[in-house]
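Here's the letter readout for the chains.
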Amino acid sequence: DTAVSQTPKYLVTQMGNDKSIKCEQNLGHDTMYWYKQDSKKFLKIMFSYNNKELIINETVPNRFSPKSPDKAHLNLHINSLELGDSAVYFCASSQEPLTGPYNEKLFFGSGTQLSVL
Amino acid sequence: AQKITQTQPGMFVQEKEAVTLDCTYDTSDPSYGLFWYKQPSSGEMIFLIYQGSYDQQNATEGRYSLNFQKARKSANLVISASQLGDSAMYFCAMRVVMDSNYQLIWGAGTKLIIKP
């Protein structure tokens, strides 16, 4: 069973379109994240949810909107896609929101490679 | 500023040799955690090892060990007896407090290629 699954794995679309990436975790974790990995492999946090509540919202365009219907799901919707949105997007989860000196490792999905043409 | 630095963009190593991947960090927070992740060509991110700032001993997980030198602010990953399957990108990350939330900040990664 895949612990953190995200779909689709590949997403190719035209500029201006709206698209969604879905993420589900079956680990019973409380916290989920979206990360963006650019072409230079640099990873940057976008959002974090704890028990369906937004706790981290980094400076990303408001065209990106996360939605967490329950604590096992965190979807990412992107409006009006731009060329610069092309990247790999990773969903991840952890037991707790990294609070305190705990070994709260992140479990990652396999990534969604988004290409905007 | 809180920062992770991986100075080796790429490395070639002969199979069965030991490998050291460098990671230095900067933080004024006395409590922090250091992680290493592996990203093979298939793309997924795989947790390898963790070191807490108050841990007295260096962390070890199978062939992976973390050479933690607190005074030098370094947390190098050592892979013993490298294998072809170790070829991947390796990322160092640090758990810190930013804007009242704990977050992970990431290094730029090191691409490791194991030669047969």
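Residues numbered from 1 in each chain as written. Chains lettered and ligands numbered in written order. Predicted model: local features only at pLDDT ≥ 70, side-chain atom pairs only at ≥ 80, totals over all residues. Heavy atoms only, no water.

This part takes up the layout of surface pockets. The computed volume of the largest pocket comes to approximately 480 Å³. Lining of the largest pocket is provided by 25 residues; of these, Q37, K41, V88 and Q113 of chain A together with Q39 of chain B occupy positions nearest its centre. The element contributing the most residues to the lining of the largest pocket is strand β11 (residues 112–116) of chain A, with four residues. Its residues assigned to classes, the lining of the largest pocket comprises eight nonpolar, 13 polar and four charged. Approximately 280 Å³ is the volume found for the second largest pocket. If you trace the second largest pocket, you find 16 residues lining it, with F42 and K44 of chain A together with M98, I105 and W106 of chain B closest to the centre. (1 Å grid on protein atoms, 1.4 Å probe; cavity = no way out; pocket = protein on both sides within 12 Å on 5 of 7 lines; lining within 4 Å. Points joined across faces, edges and corners; volume = space filled by probe spheres on them. Helix = DSSP H or I, 4+ residues; strand = E, 2+ residues; numbered from the N terminus. Nonpolar A, V, L, I, M, F, W, Y, C, P; charged D, E, K, R; others polar.)

In the predicted model, chain B carries a mean pLDDT of 93, and the fraction of residues at 70 or more is 100%. Predicted confidence in chain B is weakest over strand β11 (residues 101–106) of chain B, with a mean pLDDT of 82, and strongest over strand β9 (residues 74–79) of chain B, with 98. (pLDDT = per-residue confidence, 0-100.)

Moving on, we get to unusual backbone geometry. The step from T7 of chain A to P8 of chain A runs through a cis peptide bond, and the omega angle for that step is 0 degrees. With respect to the element layout, P8 of chain A can be found in the loop between β1 (4–7) and β2 (10–13). Unlike most non-glycine residues, K41 of chain A shows phi in positive territory, near 75 degrees. In this structure, K16 of chain B takes a positive phi of about 80 degrees despite not being glycine.

Residues and elements named next belong to chain A. By the definition in use, this model includes one cavity of 30 Å³ or more. Each pocket or cavity is described by its volume, and for the largest cavity that value is around 30 Å³. Around the largest cavity, the lining residues are D30, M32, Y49, N51, K52, S68, K71, H73 and L74. Residues belonging to the lining of the largest cavity are distributed by class as follows: three nonpolar, three polar and three charged.

Residues and elements named next belong to chain A. In space, the four strands of this open sheet follow the order β1-β3-β8-β7, with antiparallel pairing throughout. The strands lining the two open edges of the sheet, one partner per strand, are β1 and β7 (64–67). Each neighbouring strand pair of the sheet contributes to a mean axis angle of 15 degrees, computed without reference to strand direction. Of the pairings in the sheet, the one linking β1 to strand β3 (residues 19–25) comprises four bridges and is antiparallel in character. Bridge pairing links S5 to E24 in β3. (Pairing = 2+ DSSP bridges. Axes fitted to C-alpha atoms, helices over the stretch in contact; angles between N-to-C directions.)

Residue and element names in this part refer to chain B. Under the criterion given, the structure shown has two disulfides over all chains. Covalent S-S linkage joins C23 and C92, the inter-sulfur distance amounting to 2.0 Å. The sign of the -65 degrees torsion about the S-S bond sets the C23-C92 disulfide as left-handed. With C23 in the loop between β3 (19–21) and β4 (24–26) and C92 in strand β10 (residues 88–98), this pair connects stretches of sequence that are 69 residues apart. Of the two residues, C23 and C92, neither departs from the other in class, the shared state being buried. (Disulfide = S-S within 2.5 Å. Buried < 20%, exposed > 50% of the residue type's maximum accessible area, 1.4 Å probe, protein only.)

Before going further, it helps to examine the pattern of salt bridges. The final tally for this structure, using the stated rule, is five salt bridges over all chains. For R63 of chain A, the salt bridge is made with E82 of chain A, and the minimal N-O distance between the two is 3.5 Å. With R63 of chain A in the loop between β6 (53–57) and β7 and E82 of chain A in the loop between β8 (75–78) and β9 (87–94), this residue pair connects regions lying 19 residues apart in the sequence. R63 of chain A sits in the buried class, given a relative accessible area of 12%. One salt bridge connects D26 of chain B with K73 of chain B, and the closest N-O pair in it is separated by 3.5 Å. Highlighted residues: D26 of chain B in strand β4 and K73 of chain B in the loop between β8 (64–69) and β9, separated in sequence by 47 residues. Looking at K73 of chain B, the relative accessible area reads 29%, which means it is partly exposed. Among the ionic contacts, a cluster of salt bridges with common partners joins R63, E82 and D85 of chain A. (Salt bridge = Lys/Arg side-chain N within 4 Å of Asp/Glu carboxyl O.)

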